[in-house]
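Residue strings, one per chain:
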There are 2 protein chains.
Amino acid sequence: MTPIDFWFSIGSTYSYLTVMRLPQLADAKGIEVRWHPFNVRHVMVAQNNIPFKDKPEKTAYMWRDIARRAEGYGLSPKLPAPYPLAGLVLANEVAELGMREGWGIDYTRATYRRWFEQGEPAGEAPNLPESLREIGQDPERVMERAGSEEIVQALASATADAMTLGVFGSPSFLVGHELFWGDDRLEDAIAWAMSH
Amino acid sequence: MTPIDFWFSIGSTYSYLTVMRLPQLADAKGIEVRWHPFNVRHVMVAQNNIPFKDKPEKTAYMWRDIARRAEGYGLSPKLPAPYPLAGLVLANEVAELGMREGWGIDYTRATYRRWFEQGEPAGEAPNLPESLREIGQDPERVMERAGSEEIVQALASATADAMTLGVFGSPSFLVGHELFWGDDRLEDAIAWAMSH
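Reading guide: rules and limits
- All chains use their own residue numbering, which begins from 1 and follows the written sequence.
- In the order they appear in the text, chains get letters beginning with A and ligands get numbers beginning with 1.
- Since the coordinates come from a predicted model, pLDDT governs what is reported: local features require at least 70, and pairs of side-chain atoms require 80 or more to be given and counted, while whole-chain, interface and lining totals use all residues.
- Strands pair, by our definition, only if DSSP identifies at least two bridges between them.
- In this description a helix means any DSSP run of H or I spanning at least four residues, a strand means any run of E spanning at least two, and both kinds are numbered starting from the N terminus.
- All axes are obtained by fitting lines to C-alpha atoms, using only the stretch in contact for helices, and the reported angles, taken between N-to-C directions, cover 0 to 180 degrees.
- This entry defines residue contacts through backbone-placed C-beta atoms, with two residues in contact when those atoms are within 7 Å.
- Throughout this description, any angle smaller than 35 degrees is read as roughly parallel, any larger than 145 degrees as roughly antiparallel, any in the 65 to 115 degree range as roughly perpendicular, and the remainder as oblique.
- Classification convention: Asp, Glu, Lys, Arg as charged; Ala, Val, Leu, Ile, Met, Phe, Trp, Tyr, Cys, Pro as nonpolar; all other residues, Gly among them, as polar.
- When the copies are superposed, the least-squares fit draws on C-alpha atoms of residues that have pLDDT of at least 70 in both.
- Expected span of a helix, by definition, is 1.5 Å for each gap between consecutive residues, and there is one gap fewer than residues.
- Three exposure classes are used, based on other C-beta atoms lying within 10 Å of a residue's own C-beta, which is placed from the backbone: buried for 20 or more, exposed for 12 or fewer, and partly exposed in between.
- It is the directions from the helix axis to the C-beta atoms whose arc is reported.

> Could you give me a rundown of the sheet that holds strand β1 (residues 4-8) of chain A, with the residues and numbers involved?
Residues and elements named next belong to chain A. Spatially, four strands are ordered β2-β1-β3-β4 in an open sheet, and the strand pairing comes out mixed. The sheet is open, and its two edges are formed by β2 (33-37) and β4 (178-181), each paired on a single side. Averaged over neighbouring strand pairs, the angle between their axes works out to 20° when direction is ignored. Alignment of β1 against strand β3 (residues 172-175), held across three bridges, turns out to be antiparallel. Within β3, the residue paired with Asp-5 across the bridge is Leu-174. Most of the contacts of helix α9 (residues 186-195) go to β3, to which it runs at about 10°, and overall it touches β1, β3 and β4.

See below:
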């Protein structure tokens, strides 16, 4: 059994599906999952890999595809969700801080729920402070810490690590050196983790 | 039970998986599948949707992902296959002619097999004439007909139809108005076809 390194950016649309269903799936299989927020927008711009901007046909399909898959998972998003996120970087700096302090997964799920199920963009008010309050964190303290040089640098460093590891999109799953990209590869990643 | 319209381009890498496994899957479920060759490169350029060119990280992942999935389907490609295809347009003009004359599916499977399993690019010699001979077609006659104004126009017209229908990539499956994109959505398309 190999642990799964889950690389994600709050701001990725398909990552909603993974963020919502991963904890239960991993628990059921007894797999350790390590959550790594990173700045996928930085990676995509650096790699000239722009999946949806100025691509209306592909974007329309993406929302329909997410709607179908969400229904299959018993989720009820209101789609399309606001996209892209102006506050992507801040949203993930808060996640980085949260992972260090132990509330990162709860925050990520809360902010995705508000973004995809209530139509409030992540990374800004009201989503950001309300998500933090909901999980018992003080928004004022968190915002100050998330904007610190230490956390800003930590997210940039995680983003550089992601690129070194070959991660080019979100969600991505690394099982040892084996990379799986996309919510639709989560089951494959879990099977790989269980057999290696 | 709704028929499936299968839109594909010889030249698409992931379409190898679909071309190889679709006939058996559709037969097993008793689903009618209509094969539609089109020029996916034209669509992607028109929509500024360039998935792999100048994207080495994503391209490396694509080959690994195809290798893993091919193994799961019992296929044995030699990867990476030559890519992109210089003869994409001709390869699909021949497919268009073949669909009209009743040997299009056999040709598409033969040429993909040589491309992905023997390393010979589709749409040029030796792959193109050998694939035609293998399925009992005279390469000289086919090449003359495939280059005719009628067939050149037919492929261009199919490509325009694909865009009108919202098809932006290959392989795509249309079940009524419901669009599924990617070999990894084939099972979803079949399930949709069976329940509608």
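> Now, about the packing of helix α4 (residues 88-101) of chain B against helix α7 (residues 139-146) of chain B: what can you tell me, with residues and values included?
Residue and element names in this part refer to chain B. The geometry of α4 relative to α7 is characterised by a closest axis approach of 9 Å and an angle of 100° between their N-to-C directions. The angle between the axes of α4 and α7 places the two elements in the roughly perpendicular class. From α4, Leu-90, Glu-93, Val-94 and Leu-97 reach across to α7, where they touch Val-142, Arg-145 and Ala-146. Of the residues contributing to the contact of α4 with α7, the split by class is five nonpolar, no polar and two charged.

> Explain the relation of the copies chain B and chain A to me, and be specific about the residues and the numbers.
With an RMSD of 0.0 Å, the operation that places chain B on chain A is a rotation of 180° combined with a shift of 0.0 Å along the axis. Taken together, the rotation and translation describe the operation of a two-fold axis. Interface overlap between copies: 100% of the residues of chain B at the interface are likewise at the interface in chain A, consistent with a symmetric, same-surface contact.

> How would you summarise the environment of Ile-31 of chain B if you had to cite specific residues and measurements?
Residues and elements named next belong to chain B. One can find Ile-31 in the loop between α1 (15-29) and β2 (33-37). On a C-alpha basis, the gap between Ile-31 and Gly-166 in space is 22 Å, while along the polypeptide they are 135 residues apart. Apart from the residues lying within four places of it in its own chain, the contact partners of Ile-31 are Met-1, Ile-4, Ala-26, Ile-190 and Ala-193.

> For helix α8 (residues 149-164) of chain B, give the residues involved together with the corresponding values.
In an α-helix, one turn spans 3.6 residues, which is why side chains three or four residues apart end up on the same side. Residue and element names in this part refer to chain B. For α8, built from 16 residues, the straight-helix expectation of 22 Å at 1.5 Å per residue is met to within 8% by its first-to-last C-alpha distance of 22 Å. The complete set of buried residues in α8 reads Leu-155, Thr-159 and Ala-162. Seen from one end, α8 has its buried residues packed into an arc of 60°, which puts them on one side. Opposite the packed face of α8, turned more than 90 degrees from it, sit the exposed residues Glu-149, Glu-150, Gln-153, Ser-157 and Thr-164. Looking at the packing, one finds that the buried side of α8 touches β1 (4-8), β2, α2 (40-46) and α4.

> Go over the interface of chain B and chain A with me, naming the residues and quoting the values.
Every contact between the two is made by 13 residues of chain B and, on the other side, 13 residues of chain A. Listing elements by their share of the side of chain B that touches chain A, those giving two or more residues are α3 (56-72) and β4 (178-181) of chain B. Residue contributions to the side of chain B that touches chain A peak at three residues, all from α3 of chain B. The residue makeup of the side of chain B that touches chain A, split by class, is four nonpolar, four polar and five charged.

> Requested: an account of the sheet that holds β4 of chain B, with residues and values cited.
Pairing between the strands of a sheet comes from backbone hydrogen bonds, and it takes one of two forms, parallel or antiparallel. Residues and elements named next belong to chain B. In spatial order, the strands read β2-β1-β3-β4; together these four strands make up an open sheet with mixed pairing. The sheet terminates laterally at β2 and β4, the two strands that pair on one side only. Between one strand axis and the next, the sheet turns through 20° on average, direction left out of account. Along the sheet face, helix α9 (residues 186-195) touches β1, β3 (172-175) and β4 and points at about 10° away from the line of β3.

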